[in-house]
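# Architecture and fold: a report
So the chains spell out like this:
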Amino acid sequence: MASLKVLNHPPSPSEDAEQLHKAFSGWGTNEQMIIDILAYRSAAQRNSIRKAYKEAYGEDLLKSLEKELTSDFERIILLFTLDPAERDACLASQSTKSSSSNWIFMEIACTRSASALLEVKKYYHSRYKKSLEEDIAHHTTGDYRKVYEAFAHITCSVQLLFPLVSTFRYEGEEVDMSLAKSEAKILHEKIKDKQYNDEELIRIISTRSKAQLNATFNHYNSSFGNAITKDLKADPGDEFLKLLRAAIKCLTTPEQYYEKVLRLAINKMGSDEKALTRVVATRAEVDMVRIKEAYQKRNSVSLEQAIAGDTSGDFKRMLLALIGAGDI
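Keep in mind that this is a model prediction, so the values were computed, not measured.

### Observations concerning the packing of helix H7 (residues 101–111) against helix H15 (residues 239–252)
One way to put it is that H7 packs onto H15 with a least axis distance of 9 Å and a crossing angle of 25 degrees. Put simply, H7 runs roughly parallel to H15. Seen along the crossing, H7 lies across H15 with a hand that is right-handed. In contact with Asn102, Trp103, Met106, Cys110 and Thr111 of H7, H15 contributes Glu239, Lys242, Leu243, Ala246, Ala247, Cys250 and Leu251. Of the residues belonging to the contact of H7 with H15, the class tally is eight nonpolar, two polar and two charged.

### Some remarks on the packing of aromatic side chains
Two descriptors summarise a pair of aromatic rings, namely the distance from one centre to the other and the angle between the planes of the rings. On inspection of all chains with the given rule, the structure shows five aromatic pairs. For the pair Tyr53 and Tyr57, a centre-to-centre distance of 5.0 Å together with 50 degrees between the ring planes defines the contact as tilted. Within this pair, Tyr53 and its partner Tyr57 are both found in helix H3 (residues 43–57), separated by four residues, close to a single helical turn. Residue class for Tyr53 comes out buried when judged on its relative accessible area of 2%. A relative accessible area of 32% places Tyr57 in the partly exposed class.

### Some points on the nonpolar core
If you look at the biggest cluster of nonpolar residues, it comprises 93 residues, and the most contacted ones within it are Ile34, Leu65, Met106 and Met318. With nine residues, H15 is the largest single contributor of residues to this core. Not counting residues within four places of it along the chain, the set of residues in contact with Met106 comprises Leu161, Leu243, Ala246, Ala247, Cys250 and Tyr257.

### Comments concerning the domain arrangement of the protein
In terms of domain boundaries, the protein breaks down into domain 1 (13–69), domain 2 (84–253) and domain 3 (255–322). Look at where the C-alpha atoms of domain 2 and domain 3 centre, and you get two points 24 Å apart. Each side of the interface is counted separately: domain 2 has 13 residues, and domain 3 has nine residues. When domain 2 packs against domain 3, the two sides together hide about 970 Å² of surface, and 50% of this comes from carbon and sulfur. Where domain 2 meets domain 3, there are one salt bridge. The closest approach of N and O atoms between Glu107 and Arg278, which form a salt bridge, is 2.8 Å. Joining domain 2 to domain 3, the criterion identifies 10 residue pairs in polar contact (both at pLDDT 80 or more). In terms of residue class, the side of domain 2 that touches domain 3 is built from six nonpolar, two polar and five charged.

Reading guide: rules and limits
- Residues numbered from 1 in each chain as written.
- Predicted model: local features only at pLDDT ≥ 70, side-chain atom pairs only at ≥ 80, totals over all residues.
- Heavy atoms only, no water.
- Axes fitted to C-alpha atoms, helices over the stretch in contact; angles between N-to-C directions.
- Helix = DSSP H or I, 4+ residues; strand = E, 2+ residues; numbered from the N terminus.
- Parallel < 35°, antiparallel > 145°, perpendicular 65-115°, else oblique.
- Left-handed = near helix turned anticlockwise from the far one by under 90°.
- Contact = heavy atoms within 4.5 Å.
- Nonpolar A, V, L, I, M, F, W, Y, C, P; charged D, E, K, R; others polar.
- Phe/Tyr/Trp six-rings, centres within 6.5 Å; stacked < 30°, edge-to-face > 60°.
- Buried < 20%, exposed > 50% of the residue type's maximum accessible area, 1.4 Å probe, protein only.
- Core = buried A, V, L, I, M, F, W, Y, C linked by side-chain atoms within 4.5 Å.
- Domains from an automatic or database assignment.
- Buried area = accessible area lost by both parts, 1.4 Å probe.
- Salt bridge = Lys/Arg side-chain N within 4 Å of Asp/Glu carboxyl O.
- Polar contact = N/O pair within 3.5 Å; in protein donor to acceptor, adjacent residues only side chain to side chain.

Rendered as C-alpha cells:
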C-alpha cells in the first residue's frame, strides 16, 4: 500500500534524462521540474533514467544533482533517487557515524522483506568491502569492549541487531498455533525474570516469520493480560528495551512505529529533517497509506497538513509529492 503517485505512461527514460539535464542548465536550477520527474517515477523507472542520463551525458545523475541542489532538498532527492537496496546500504553506512545508528539498523532489518534485506547486504558488501553484520558488530561495541560493565547496553544491542540482520525469515502466512502458545510462555517467563537479552527471547524475535510472531504476541496478550510491548516498559529509560520494543513494532505494525518517528520529528523544537527524509524516502513506495492513516488517527491532523506546516520550499514540495498529498 504505497502512496506515491507514479505515472503509468511516463515519458521514456531518455526523455526524462533530457528534461533533467535542461533543469540543470542556464542561470538557475529548475527544482520543480526535478520534483515533477523524480517524485513520480517508480524505482525501476528511476534506475532507467540514471542509465539513460549516464549514456547521454557521461555523468551519474546523482553527481549532477549534488552539484545543483543543497540542504534538505538535496538530501531527499538523492536518497529517493537511489535504488532501494542501494539507499538502505547508504543509510546503514551513514549510520555507523551516527548516534542513532541502532535504530536505523533495526528499521532496515525488521521492516524490509527477507529478499530485500539480502539485496541490501549484497550491495553493502560490494560497495564498502565489508559485511553489514561486521560493521554493526564493530560500531555497536567498538572500544567499549574494555569497559563492558559500564556500557553493557551496547553489547546487548549487538546481541539483538546482529541476529536481526543475519536472519532470512520465512515470509509465508502459515502459523503454528501450538508453537505460538509455547513461545508466548517462554517470552513471558524471560520478561518476568527481566532476562531481556536471553538467547531464547532473541532467537524467537529474530528468526520467526512475521505471521508467526503476530500469533505469538496475540497469545501473549490473551494469556497474560498485557501486550508484550507494555511488559517491556518495565524500565522506560533502558535503551535496549526501547530498541527491543521498536523491533517488535517494526515486525508487526510498522505503520505505528513510523507514525511515532514522524510525530517526534515534526513536533520537536525545530523539526528533525533527517528523520522526515528517511521515513518518507524509504516508505513512499511501500506503506505510506497506512502510515498516513495511523498518523491521522493518533494526531487528529493529517500527515500532509503536519508536514506542510513544519517545512518549506522545495523540501516541502518534494515531501508532499512523495506522500501523495496533491496540492496543499
